[in-house]
Amino acid sequence: RSRRGLKNGDIPFGYRRCQSEQPCSTPPGERDCAGGVHVVEGEADALREVFDRYARAGASQTELARYLNGLGHRTRNKRDFGSGATPQPFTTWSVGGLLRNAFYVGLICTKDGETFDGQHAPVLSRELFEAAQARRASPTVRPNRPTQRSYLLRGLVACSRCGTAYWSETLH
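Given the structure is predicted, the values throughout are model-derived calculations rather than measurements.

Enquirer: I'd like a description of the nonpolar core, backed by residues and values.
Expert: Tyr15, Phe51, Leu68, Tyr104, Val123 and Leu124 are the most contacted members of the largest nonpolar core, which totals 31 residues. Elements with a minimum of two residues in this core: strand 2 (37-39), helix 1 (41-55), helix 2 (61-70), helix 3 (92-100), strand 3 (107-109) and helix 4 (126-137). The element that contributes the greatest number of residues to this core is helix 1, accounting for six residues. Look past the residues within four positions of phenylalanine 51 in its chain and what remains in contact with it is Arg56, Leu98, Leu99, Tyr104, Leu124, Leu128, Phe129, Ala132 and Gln133.

Shown next as structure tokens:
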């Protein structure tokens, strides 16, 4: 399927699988189903904004997750995290998955690292996708902090009722 430009597995955010092998009537707000998937325009618009904010405006993945969740979007996640196997709110990790996904520029990538041109319509320009990849590859600038702080009572103080160790938080 990959060699023919068709997606194996789950369809990512911004697309919806077409249920028909035959040409179908496309629902309002979606493009034709080339490659067996529809572009969901509302999600695709949010996706373009996410990539633009990340690549050009320097937004963090956490900020982008808040943005998507604020719009009411949810992941395509099918894992059960105790609340049932339903779409979940976006997290830093799920946004990272979006930013890595070459499906958005019309490519099909296999687990073996092979890449093929997909039959589906791309929702991003290669330029915007490559700008996001360049930012992902650049080293993150972090303040110079010690990795471990020493606290006088570390490991010595615990709650008298439940036995849980106390912990400290630095506010500056």
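On we go.
Enquirer: Go over helix 3, please, and point to the residues and values.
Expert: Taken residue by residue, helix 3 has Val95, Gly96, Leu98 and Leu99 as its buried positions. The buried residues of helix 3 all sit within an arc of 155 degrees when viewed along its axis, so they share a single face.

Enquirer: Explain the environment of tyrosine 54 residue by residue, including any values.
Expert: With respect to the element layout, tyrosine 54 can be found in helix 1. Classification of tyrosine 54 by relative accessible area gives buried; the value is 6%. Sequence separation between tyrosine 54 and arginine 135 is 81 residues, and the spatial gap between their C-alpha atoms is 8.0 Å. Residue contacts for tyrosine 54: discarding those within four places in its chain leaves Ala59, Gln61, Leu64, Leu99, Ala132, Arg135 and Arg136.

Enquirer: So what's going on with the packing of aromatic side chains? Which residues, and what values?
Expert: The description of an aromatic ring pair rests on the distance of the ring centres and on the angle between the ring planes. Taken as a whole, this structure holds five aromatic pairs when the rule is applied. With a centroid separation of 6.0 Å and an interplanar angle of 35 degrees, the aromatic rings of phenylalanine 51 and phenylalanine 129 are classed as tilted. Here the residue phenylalanine 51 occupies a position in helix 1, and phenylalanine 129 occupies one in helix 4, the gap between them amounting to 78 residues. The class of phenylalanine 51 is buried, set by a relative accessible area of 0%.

Enquirer: Give me the lowdown on helix 2, citing residues and values where you can.
Expert: A turn of α-helix holds 3.6 residues, and therefore any two residues three or four places apart point the same way. Within helix 2, the full set of buried residues consists of Leu64, Ala65, Tyr67 and Leu68. Down the axis of helix 2, the buried set is contained in an arc of 160 degrees. They therefore lie on one face. Exposed positions of helix 2 whose direction lies more than 90 degrees from the buried face are Arg66 and Gly70. Buried residues along helix 2 sit against helix 1 and helix 3.

Basis of the calculations
Sequence order as written defines the numbering, with residues in each chain counted from 1. With pLDDT at 70 or above as the cut-off, local features in this predicted model cover only qualifying residues; side-chain atom pairs require 80 or more to be listed or tallied, and sums for whole chains, interfaces and linings still use all residues. For the side-chain quantities, the full set of heavy atoms in the structure was used; hydrogens and water were omitted. Side-chain atoms within 4.5 Å are what join buried Ala, Val, Leu, Ile, Met, Phe, Trp, Tyr and Cys residues into a set we call a nonpolar core. Any residue under 20% of the maximum accessible area for its type is buried, any over 50% is exposed, and the rest in between are partly exposed; the area is computed with a 1.4 Å probe on protein chains only. Strands are runs of DSSP state E lasting at least two residues, helices are runs of H or I lasting at least four, and both sets are numbered from the N terminus onward. The contact definition used throughout considers only heavy atoms, calling two residues in contact when any of these lie within 4.5 Å. By construction, the arc corresponds to the directions joining the helix axis to the C-beta atoms. Aromatic pairing here means that ring centres of Phe, Tyr or Trp (its six-membered ring) are within 6.5 Å. Orientation follows from the plane angle: under 30 degrees is stacked, over 60 is edge-to-face, and everything else is tilted.

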